[in-house]
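Structural description and commentary
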Amino acid sequence: MSDVVPFVRHMLLCDDVRTSPTNPRKVIVYGLVSEIRSPAGETAYPFHHSLSVYLALTGGRGRGEGQIVIVDGDTEETTYVGDKHIVAFGPDPLQVLGVVFRLPSCSFPQGGLYWVEFRYNNAGVARQPLLVR
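Summary of the structure given here.

Thresholds, definitions, all that
- Residues numbered from 1 in each chain as written.
- Predicted model: local features only at pLDDT ≥ 70, side-chain atom pairs only at ≥ 80, totals over all residues.
- Heavy atoms only, no water.
- Helix = DSSP H or I, 4+ residues; strand = E, 2+ residues; numbered from the N terminus.
- Rg over C-alpha atoms; globule rule 2.2 N^0.38 Å.
- Buried < 20%, exposed > 50% of the residue type's maximum accessible area, 1.4 Å probe, protein only.
- Contact = heavy atoms within 4.5 Å.
- Lys, Arg positive; Asp, Glu negative; His and termini not counted.
- Charge placed at Lys NZ, Arg CZ, Asp CG, Glu CD.
- Phe/Tyr/Trp six-rings, centres within 6.5 Å; stacked < 30°, edge-to-face > 60°.
- Lys NZ or Arg CZ within 6 Å of the ring centre and 35° of its normal.
- Pairing = 2+ DSSP bridges.
- Axes fitted to C-alpha atoms, helices over the stretch in contact; angles between N-to-C directions.

This part is about the overall build of the protein chain. Helix and strand counts for the protein chain come out as zero helices and ten strands. For 133 residues, the compact-globule formula gives about 14 Å, and the C-alpha radius of gyration of the protein chain, at 16 Å, lands near that figure. The principal-axis extents of the C-alpha atoms in the protein chain amount to approximately 50 × 35 × 20 Å. Taking all 133 residues of the protein chain together, 38% fall into the buried category. Long-range pairs, those at least 24 residues apart, make up 66% of the contacts in the protein chain between residues at least 6 apart in sequence. Averaging the positions of the 12 positive and the 13 negative side-chain charges in the protein chain gives two centres separated by 11 Å.

What follows is the structure, given as structure tokens:
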């Protein structure tokens, strides 16, 4: 495992990410997400929601473990821990590596601010806010 932490150029929360059918170097991001709503309003907690996270990484060396974790913005309690995935960088540290994490069922115990975090070799590298109403 490499000790070099990659630089996160982009971290997008979205519904889904697919490779472009006409150009395999491009990705199509569907449904950018900054806020999600409980399906039945305030009485529907806890509820589950699926989500994807697209990361554009650069500056990494070798291989490491990437993971998505979601924490409550008020309590810092962890509400979701994703599986660890091997992230393998090529020989050129300037090349951008696109990585997609699909989160099939995130649990949100209440409304409020949550942080979606990208961890690399167990170290927090980047995070994005997610508002749950």
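Moving on, we come to the packing of aromatic side chains. All chains considered together, the criterion is met by six aromatic pairs. Aromatic pair F89 and Y120: ring centres 6.3 Å apart, planes at 70°, arrangement edge-to-face. Taken together, the residues F89 in the loop between β7 (85-88) and β8 (97-108) and Y120 in strand β9 (residues 112-120) connect sequence positions 31 residues apart. The class of F89 is buried, set by a relative accessible area of 12%. Among the aromatic side chains, those forming a connected cluster through ring pairs are Y45, F47, F108 and Y114. Between the NZ or CZ atom of R127 and the centre of the ring of W115, over which it lies, the distance is 4.1 Å.

On to the sheet that holds strand β1 (residues 7-19), then. In a beta sheet, neighbouring strands are held together by backbone hydrogen bonds and run either parallel or antiparallel to one another. The strand order across the open sheet formed by four strands is β2-β1-β4-β8, and the pairing between neighbours is antiparallel. Edge strands, defined here as strands with exactly one partner in the open sheet, are β2 (27-32) and β8. Looking at each pair of strands side by side, their axes are set apart by 50° on average, direction ignored.

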